[in-house]
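Structural features, examined
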Amino acid sequence: MARSKVWKYYDKLDNNTAQCQLCEKSIRTSGNTSNLMKHIKTHPQIDLDNKESVVVRGIFKRESHVTKRKIKKAPPFKGLSLFQEQYHNTSEPIIKTKGEPDNIIELDDASCRAIEQAEQEQGAGFWTTGAETVSAEDIIEFEPNVANDSLFEIQDLPLADEEEEIANFHSNLDARVPGQRSFLHNMAFFVCRDRQPLQIMQAEGFKHLVSALCPGSKPPSVDELESYICNQRHLHASKLRKQLARLATLSLSCAVHTTPEKRSHLVLVVHFYEGLEKVSRTLSVQSLPEHFNASQIETRMARVCRRFDISKTKITCVVTRGSRLLEDAVAALLGDHRHMPCFGYLLNTILENTMLRPEILEFCEKVRPYVTCYLDSGVLLSQRKLHLDVKQRPLSKFDMLERYTKYAPHLPNYLQLEISPPLSEEELEQCRELLAVLKPLASSMKELSRAGETSFPVASMALPIVYTLINELKKHQSSPENQITYDLRMFLVHQLQECFDSMEKNVHLAMATLLDPRFRSMPFCSAELATQYVSDLYEIFQTHVKTGVPATVKEDATENYDIWAAYEVLSQEKHSQSTEPNDQDDEITSYFCGRINSLQEEPMKLWENLMHLHPFLHSLAKKYMHIPATAVPPATLFTDAGAAVEEQYTKLTGANMENTLFMADVPLDEWQL
């Protein structure tokens, strides 16, 4: 068989590897020339059919005198290649000089800008890398002529079939050390699922635990485990990218977290439906400079979208935690009408402003020392009745006061403290009255947090919650209340009305609510807005009927208080005033006149029964039902347990943080434990 003409531009290093003479990259051949042909297409100047061409070695190798940008490297994993990156011929990495840290490689700013501009020119609505370029895992070396240099990894995704790659990875590891893969895999699951720092492998107590439970075994080194997790992250990221490619629509949430050491990082999460199951997956955790701006955030968001092949047209909207910089970044990326504020942040801000009022703050200052003394008295954890508040968690202040007013009268019966009860009987009664005003709001926040520290509630819950809160607070009180309690109630009503007015105007939030069968009878404060949204539905319905293609929406307190029970009463009252649908009603009219569904059902499961009656609205609902109500899980934003989770995150650093938090969201069945 004649030798392929592509070999003119390669040197064969061994049976499985060849080096490109033009750029000196080493390419995995896998016994054929497919990867070689793909790689040579990254040099469009080369004409394979030109037999008279002369090869100039290193002609496309990057020069080393340009301005540089830092990128973290990953430690090598013995016997395995960790390189799963796709490179452009304008941005090949170079090795740092001796005087610079050995864990950094550099890219020049000019090259990065050129790449981003070129990628954007491929299409206004879609980011992608060339399908004909060589797969990232097939590039196993950048600068083979540099002696004694370790291999580097630039964060990106492989393109090869992930199942085959995982199988090869596992078989190679098992062949090297029998049984080691299973042990290492379980350790990786423990670290990622519980979001532990890799340094726990070096802890004396942890080593003892492993030796006691698994005699003869020892924990892997930090470098081994980091490399294994890094490799797994790339493989699962490739699988996620293919999963996202099958979707017609998705939404994103974005938040900036800052540690006590003033280190900031950007977290980007994707939300979508896989069948009837709502899925939220961390896409990226990227560090930010000390003084960052909206442009830097937008650049990072765009880069993540390109890596996961997420087109702009797929993104319904982006939910951001309260920050003008984040809003500006979303506007620069997608336009002014694709942003939605974080509902959890709004509620947290309202409660925080309320808890800072003098009448509440005074009670907190008096009760806190008493609770501290109680906790220091040696009461068993299982028997503790009082809880201390947590900084930056206003809900914990409410809980501290509520538990004190409930249990304080009974504490002296079995516990003698060195400090006297801080509140008199009169103050205790006043505190209970104020807490009763705050009870509906606190109940709503706990309801949002109920799903756990990693779950996102759907956006369709936001407007019904706020509307119900306002109506509950406006209700006529059966017993007279003093001026302090009345002032607090009116303050809270004013805060919630301001919040509701701005939320009603957000088209994504409004459509998500109207298209959720549980809230189809949702009353709006603004009749004009409600009419406009229904008109929009009719307009796009007509477009759908004429063209057959779905169009898009125009974008211009008791002890056991239950926020949903209160909402159900309101919705039943409104529904009783409407007329029953008849056979002549169109799809939209019959939908809004339909019976009220159980608030405990999942919206997409309800749509499974409604889709035959309302096919157009069902197709439109799929665009909005995955939008999250919050930019971060409410439990981490509201509760003291969430504060502990965020504190745990601060122990994660650099690439370890991104890899660990990405793998933490991998479904349990995909871990193959």
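Everything here concerns the structure above.
This section reports on the structure supplied with the text. (Residues numbered from 1 in each chain as written. Predicted model: local features only at pLDDT ≥ 70, side-chain atom pairs only at ≥ 80, totals over all residues. Heavy atoms only, no water.)

With that settled, the discussion passes to helix α11 (residues 394-407). Given 3.6 residues per turn, any residue in an α-helix points the same way as the ones three and four places further on. Along its 14 residues, α11 runs 20 Å from first to last C-alpha, staying within 8% of the 20 Å computed at 1.5 Å per residue. Buried-residue contacts for α11 involve α9 (343-355), α10 (358-375), α12 (425-449) and α21 (634-638). (Helix = DSSP H or I, 4+ residues; strand = E, 2+ residues; numbered from the N terminus. Expected span 1.5 Å × (residues − 1). Contact = heavy atoms within 4.5 Å.)

Take the sheet that holds strand β9 (residues 264-274) next. Across the sheet, which stays open at both edges, the 5 strands sit in the order β10-β9-β8-β11-β12 with mixed pairing between neighbours. Looking at which strands have only one partner, the edges of the open sheet turn out to be β10 (277-288) and β12 (339-341). Between one strand axis and the next, the sheet turns through 25° on average, direction left out of account. One ladder, built from 8 bridges, connects strand β8 (residues 250-258) with β9; its direction is antiparallel. Each bridged residue has a counterpart across the sheet, and for Ala255 the counterpart in β9 is Val267. (Pairing = 2+ DSSP bridges. Axes fitted to C-alpha atoms, helices over the stretch in contact; angles between N-to-C directions.)

Here the focus is the pairing of β10. In this structure, β9 lies alongside β10, joined through 11 bridges in antiparallel fashion. Bridging across to β10, Tyr273 finds its partner in Lys278. Count of turn residues in the β9/β10 antiparallel hairpin: 2 residues, of which Gly275 carries a positive phi of about 70°.

Turning to the side chain of Thr354, a few remarks are in order. Locating Thr354 in the fold gives a position in helix α9. Take Thr354: its relative accessible area is 0%, and that puts it in the buried class. Contact partners of Thr354, with chain neighbours within four places excluded, come to Ile360, Leu438, Leu488, Phe491 and Leu492. (Buried < 20%, exposed > 50% of the residue type's maximum accessible area, 1.4 Å probe, protein only.)

Here α12 crosses helix α14 (residues 483-504) at 15°, and the two axes come no closer than 9 Å. In this view, α12 runs roughly parallel relative to α14, as classed from their interaxial angle. Crossing handedness for the pair α12 and α14: right-handed. Here Gln430, Glu433, Leu434, Val437, Leu438 and Leu441 of α12 come into contact with α14, specifically with Ile484, Thr485, Leu488, Arg489 and Leu492. Within the contact of α12 with α14, the residues separate by chemical class into 7 nonpolar, 2 polar and 2 charged. (Parallel < 35°, antiparallel > 145°, perpendicular 65-115°, else oblique. Left-handed = near helix turned anticlockwise from the far one by under 90°. Nonpolar A, V, L, I, M, F, W, Y, C, P; charged D, E, K, R; others polar.)

This paragraph deals with the packing of helix α13 (residues 462-474) against helix α15 (residues 507-514). Close contact between α13 and α15 brings their axes to 8 Å; oriented N to C, the two are set at 90°. Here α15 runs roughly perpendicular to α13, going by the angle between their axes. Side by side, α13 and α15 meet where Ala462, Leu463 and Pro464 of the first sit next to Leu509, Ala510 and Thr513 of the second. Across the contact of α13 with α15, the residue classes tally to 5 nonpolar, 1 polar and no charged.

Right, let's talk about the side chain of Arg281 for a bit. As for its position among the elements, Arg281 is in strand β10. In this structure, Arg281 is buried with no salt-bridge partner, the nearest side chain bearing the opposite charge being Glu670 at 4.6 Å. Here Asp665 takes part through its backbone oxygen, which lies 3.3 Å from a polar atom of the side chain of Arg281. (Lys, Arg positive; Asp, Glu negative; His and termini not counted. Salt bridge = Lys/Arg side-chain N within 4 Å of Asp/Glu carboxyl O. Polar contact = N/O pair within 3.5 Å; in protein donor to acceptor, adjacent residues only side chain to side chain.)

It is worth spelling out the pairing of strand β2 (residues 17-20) at this point. Neither face of β2 is exposed, since Thr17 and Gln19 on one face and Ala18 and Cys20 on the opposite face are all buried. What sits between the antiparallel neighbours strand β1 (residues 10-14) and β2 is a turn of 2 residues. One ladder, built from 3 bridges, connects β2 with strand β3 (residues 26-28); its direction is antiparallel. Directly across from Gln19, in β3, lies its bridge partner Ser26. Taken together, β2 and the strand that follows it, β3, pair antiparallel across an intervening segment of 5 residues, in which Glu24 is found at a positive phi of about 65°.

Counting 89 residues, the largest nonpolar core has Phe343 and Leu401 as its most contacted members. Take this core: its biggest share by element is 10 residues, from α12. Ignoring anything within four residues of it in the chain, the contact list for Phe343 reads Leu448, Ala462, Ile465, Val466, Met503, Ala629 and Thr630. Core analysis: the second largest hydrophobic core is formed by 48 residues, Phe189, Val210, Leu283 and Ile315 among them. (Core = buried A, V, L, I, M, F, W, Y, C linked by side-chain atoms within 4.5 Å.)

Structurally, Thr299 can be placed in helix α7 (residues 294-307). Put simply, Thr299 and Ala329 are 30 residues apart on the chain and 8.4 Å apart in space, counted from C-alpha to C-alpha. Engagement of the side chain of Thr299 in a polar contact is seen with the backbone oxygen of Ser295, the distance being 2.9 Å.

Inspection of the entire model under this criterion finds 9 aromatic pairs. Ring geometry for Phe189 and Trp671: centres 5.1 Å apart, planes at 80°, overall edge-to-face. In this structure, Phe189 and Trp671 share a single accessibility class: buried. On the numbers, 5.6 Å between centres and 80° between planes, the contact of Tyr370 with Tyr404 is edge-to-face. Placement of Tyr370 in helix α10 and of Tyr404 in helix α11 is noted, with a sequence separation of 34 residues between them. In terms of burial, Tyr370 and Tyr404 fall into one category: buried. (Phe/Tyr/Trp six-rings, centres within 6.5 Å; stacked < 30°, edge-to-face > 60°.)

Attention now moves to the environment of Asn656. Within the element layout of this structure, Asn656 appears in helix α23 (residues 654-664). Those residues within four positions of Asn656 in sequence are excluded, and the remaining contacts are Pro197 and Leu198.

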